[in-house]
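Descriptive structure summary
As a plain string of letters, each chain reads:
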Amino acid sequence: MPIESGPPLRRRSTNLAQGVVDALTQRILLGQLKPGEKLPSESTIVLEHGVSRTVVREALSKLQASGLVETRHGIGTFVLALHAQQGLRLHVDTVASVRNMLELRLGLEVQAVALAAVRRTDAQLAHMRQALDDYQASLANNDNCVEEDKRFHQLIAEATGNTFFTEIMLHLGNAMIPRTQLKGDERGGADFAQLGQLANLEHEAIFNAIKRRDPDAARAAMVLHLTNSRDRFSGEQGR
């Protein structure tokens, strides 16, 4: 009988390297490894990911080619500054553009949250919980809760395990939080504290669906949240 062989060594090595690339890319995009910071040593990455030094070197080469890091011979590999708006120009400063942004997010985040519900880790869920607790604390103190809001949505993107979702959400930045983007004459008499409270109640429904690992409920909760956000901003202008 013919002996079945496993996948070719080169393909297996490339797949392992891509896994390391994806993991390090997530850490860089989420700011866990900051610009100018040195990456963990080869030995540390080998132990963390259970791969060979050859695989680690291939992964670092891919990261360098992508422009995320640079290797300084004899010193180590360092994170480069991200140019978040390169190739993406977003001007979200009118009610119409806010609605357009929310429509874009509907196309993106409804799928992301379904993947997050299936793939999230307990640690990622705990970080989402903390983001919502921080959000509520900021509301109670009448503080700006934009960072907490943005962090919650970016954590959902991270929990997909797909770096493209994470990168797109980081590109969107503050532009994805509608109440921060309108010019003064576009805001009218909007009560942004009340809008923030309503948004966080919807966040809780999203969180609970992710916690239950229920992708259908997560999709429905995200659709409700984003369509409600769109309708709230339309309603502010009497439309």
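So, how was this worked out
Residues numbered from 1 in each chain as written. Predicted model: local features only at pLDDT ≥ 70, side-chain atom pairs only at ≥ 80, totals over all residues. Heavy atoms only, no water. Helix = DSSP H or I, 4+ residues; strand = E, 2+ residues; numbered from the N terminus. Buried < 20%, exposed > 50% of the residue type's maximum accessible area, 1.4 Å probe, protein only. Contact = heavy atoms within 4.5 Å. Salt bridge = Lys/Arg side-chain N within 4 Å of Asp/Glu carboxyl O. Pairing = 2+ DSSP bridges. Axes fitted to C-alpha atoms, helices over the stretch in contact; angles between N-to-C directions. Parallel < 35°, antiparallel > 145°, perpendicular 65-115°, else oblique. Nonpolar A, V, L, I, M, F, W, Y, C, P; charged D, E, K, R; others polar.

Looking at an unreviewed UniProt entry, the chain carries the name FadR family transcriptional regulator, with the source organism given as Pseudomonas tritici.

Here His203 lies in helix 9 (residues 192–211). Judged by its relative accessible area of 0%, His203 is buried. Among all residues touching His203, those that are not within four sequence positions of it are Leu132, Tyr135, Asp149, Phe152, His153 and His225.

Attention shifts here to the pattern of salt bridges. When their charged atoms lie close together, side chains carrying opposite charge are able to pair. Counted by the stated rule, this structure contains eleven salt bridges. Ionic pairing is found between Arg27 and Glu48, a salt bridge with its closest N-O pair at 3.8 Å. Taken together, the residues span a long stretch of sequence, with Arg27 in helix 1 (residues 9–29) and Glu48 in helix 2 (residues 42–49) at a distance of 21 residues. Judged by relative accessible area, which is 25%, Arg27 ranks as partly exposed. Residue classification places Glu48 among the partly exposed residues on the basis of a relative accessible area of 45%. When the shortest N-O distance is used, the salt bridge between Asp122 and Arg120 registers 2.9 Å. Overall, Asp122 belongs to the exposed group, its relative accessible area being 58%. Residues joined in a network through salt bridges with shared partners are Glu42, Arg53 and Arg57.

Moving on, we come to the pairing of strand 2 (residues 76–79). Pairing of strand 1 (residues 69–72) with strand 2, which is carried by four bridges, proceeds in the antiparallel orientation. Of the residues in strand 2, the one forming a bridge with Arg72 is Gly76. Count of turn residues in the strand 1/strand 2 antiparallel hairpin: three residues, of which Gly74 carries a positive phi of about 85 degrees.

The subject of this paragraph is the packing of helix 2 against helix 3 (residues 53–65). The N-to-C vectors of helix 2 and helix 3 enclose an angle of 110 degrees; their axes lie 9 Å apart at closest approach. Comparing their axes, helix 3 and helix 2 come out roughly perpendicular. Of the residues in helix 3, those touching helix 2 at Glu42, Ser43, Ile45 and Val46 are Arg53, Val56, Arg57 and Leu60. Its residues assigned to classes, the contact of helix 2 with helix 3 comprises four nonpolar, one polar and three charged.

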